Protein chains: 2
Amino acid sequence: MVASPPSSNPAAHARLADLDAPAFSPLYQQIKTLIVRSLQAAEWKPGEAIPSEIELASRFKVSQGTVRKAIDELATENLLVRRQGKGTFVATHAEQNVQFRFLRLTPDGGEAAGAQRRFIDCRRLRAPSDIARALNLKPGDTVVQVRRVLSFRGSPVVLDDIWLPGQLFKGLTAEKLSEYRGPMYGLFETEFGVRMIRAEEKIRAVAADDGAAQLLDIAMGTALLSVERLSLTYDDKPVELRRGLYNTMSHHYRNELS
Amino acid sequence: MVASPPSSNPAAHARLADLDAPAFSPLYQQIKTLIVRSLQAAEWKPGEAIPSEIELASRFKVSQGTVRKAIDELATENLLVRRQGKGTFVATHAEQNVQFRFLRLTPDGGEAAGAQRRFIDCRRLRAPSDIARALNLKPGDTVVQVRRVLSFRGSPVVLDDIWLPGQLFKGLTAEKLSEYRGPMYGLFETEFGVRMIRAEEKIRAVAADDGAAQLLDIAMGTALLSVERLSLTYDDKPVELRRGLYNTMSHHYRNELS
DNA sequence: GAGTGGTCTAGACCACTGA
DNA sequence: CAGTGGTCTAGACCACTCG
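Calculation criteria
- Residues numbered from 1 in each chain as written.
- Chains lettered and ligands numbered in written order.
- Predicted model: local features only at pLDDT ≥ 70, side-chain atom pairs only at ≥ 80, totals over all residues.
- Heavy atoms only, no water.
- Helix = DSSP H or I, 4+ residues; strand = E, 2+ residues; numbered from the N terminus.
- Contact = heavy atoms within 4.5 Å.
- Least-squares fit on C-alpha atoms with pLDDT ≥ 70 in both.
- pLDDT = per-residue confidence, 0-100.
- Buried area = accessible area lost by both parts, 1.4 Å probe.
- Salt bridge = Lys/Arg side-chain N within 4 Å of Asp/Glu carboxyl O.
- Polar contact = N/O pair within 3.5 Å; in protein donor to acceptor, adjacent residues only side chain to side chain.
- Buried < 20%, exposed > 50% of the residue type's maximum accessible area, 1.4 Å probe, protein only.
- Pairing = 2+ DSSP bridges.
- Axes fitted to C-alpha atoms, helices over the stretch in contact; angles between N-to-C directions.

Let us look at the environment of B:L80. Residue and element names in this part refer to chain B. Relative to the elements of secondary structure, L80 occurs in strand β1 (residues 80-83). Along the primary structure L80 and L168 are separated by 88 residues, whereas in three dimensions their C-alpha atoms are 23 Å apart. With residues near it in sequence (within four places) discarded, L80 still touches I35, L39, I50, I71, L74, A75, T88, F89, V90 and A91.

Right, here's the structure in full:
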């Protein structure tokens, strides 16, 4: 792999000497990078199987163990999913079992129920400066703004305002959003080829303003959770900014620390 | 290790046949369990080095690779910390660099500053029923309750109410809390031998009541983040319940999703 | 230089899946 | 049954730390 002589063991670290003064990078890291590139180039699509470890090992001219270590890390980063006996698959948001992978809201009682979605708005506009900055766009670039409400057992609980780079989401309409079954990020994958890899959230407590109060069917001034999410795709490129208001009367945001 | 013949490779899986109908458990999992037991028994204390991989391998009669895999997982679970060239160490809260490992509050500007602590109260009492339930205590067991305020740059930001099982925290006083330099969990480790391994948080938005408003120097009714944390030690045994109120005017709770 | 963790290989065998 | 990932071993060598 990567300009390495075809010989065996000792060659692995020889790469170090080839270059000027590069940071040393283990083989399995380089393999990781190559695999991510293939994912990025959609050589294998979400939900599909990638080549077997043995095949990848022979392709990259390294041992199976090295490929294993690379895949192991990609699996713990949730980019890949291993299934014993079947293969290794590209992770996807478009599956039932991983629904709401990014939604940390849980009913106080315990059992998570399905959500009803209602799309209030979907329009294209020039990005406000704060949005543009967060999404790494030039001022004046167009963004798609989506506004929606999530309800559980008939009660509105979440009000989301979502901004997406217009460049990447050409042809996104309220109709498409409404028609699609499954999580929104699934639609983004299949329709626009945009995969959300990870996200950073900033959480605050705020008082409901008039508009939020009406849409969430609560009194103005009610304390709400404000969740600002920046979603990133490969190479940590930001592709979604989302501002959510959560009514936490009968739900809570759960988090695990370790 | 574990009733295994001293022979080499094929013996590893023989354990499967030894027992009735046990769930198959890989060797490295069993090693993990043994290491955790030693941690639990304080055979190695927080901050200390555990034996080298080679030594553990010979002790458990397995290969170094198997020990490595066990330690790898314990390291990603933050029970151990690897330091190349030096050894593997028992993770600890009593260190500068991991201060606030469990406090996800960040100033909006960016730079995290040191916190000033002020202890308002530290008393022993019979556990209220909800506290007892959460901590897995019998009704009527005594708990230690601590109330404190954290300030940043002179402004009060966090009001914490903390409940601890009285059984485990004999002799905990406001004075000890005030005197101790470093994070509270560091004191718990060194003074009481209680190690916080992981925690679950439930987050809500609430309105400040009179008492909280005064202590946090804000108007009554201000929206606050309510963070209820249940901290667990080995074997997922709950050892702390904490109810925090965070003023998020100039700070936010940050979270990473993946 | 000795001792530690980190990387890499090669090969054996086990567990699971699906044709 | 063949093919996949999962476990385990043994041995070599590299990178880092510290005396």
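Between chain B and chain A, which share one sequence, the superposing operator has a rotation angle of 180° and an axial displacement of 0.0 Å; the RMSD is 0.1 Å. Here the symmetry operator amounts to a two-fold rotation axis. Looking at the interface residues of chain B, 100% of them are also at the interface in chain A, so both copies use one shared face.

What follows covers the confidence of the model for chain A. For chain A, mean pLDDT is 91; residues scoring 70 or higher make up 90% of the total. Taken together, the stretch residues 1-21 of chain A has pLDDT below 50 and engages in 20 contacts with residues farther than four places along the chain or on a different chain.

Chain B puts 30 residues into the contact, and the matching count from chain A is 30 residues. Ranking the residues of chain B by area buried against chain A places B:N255, B:L257 and B:S258 at the top, with a combined share of 27%. On inspection of chain B and its partner chain A, the count reaches four salt bridges. For A:R198, the salt bridge goes to B:E256, with nearest N and O atoms at 3.1 Å. Applying the counting rule to chain B against chain A returns 19 residue pairs in polar contact (both at pLDDT 80 or more).

Attention now moves to the pairing of strand β6 (residues 155-165) of chain B. A regular strand carries its side chains on alternate faces of the sheet. All names here are of chain B. Most of β6 sits out of view: ten of its eleven residues are buried. Where strand β5 (residues 142-152) and β6 come together, ten bridges link them in antiparallel fashion. Bridged to V146 within β6 is I162. Following β5, the chain reverses through two residues before pairing antiparallel with β6; R153 in that reversal takes a positive phi of roughly 50°.

Now for the sheet that holds strand β5 (residues 142-152) of chain A. Read across the sheet, eight strands follow the order β4(A)-β5(A)-β6(A)-β9(A)-β8(A)-β7(A)-β10(B)-β3(B) without closing on themselves; strand pairing throughout is antiparallel. Across the chains shown, the open sheet's two edge strands, defined by having one partner strand only, are β4 (115-126) of chain A together with β3 (105-107) of chain B. Between one strand and the next, the sheet's axes are offset by a mean angle of 25°, whatever the strand orientation. Across eleven bridges, the pairing between β4(A) and β5(A) is antiparallel. Pairing of A:R117 across the sheet is with A:L150, part of β5(A). Packing of helix α7 (residues 184-192) of chain A onto the sheet brings it into contact with β4, β5, β6 (155-165), β8 (223-233) and β9 (237-246) of chain A, and relative to β9(A) it is tilted by some 160°.

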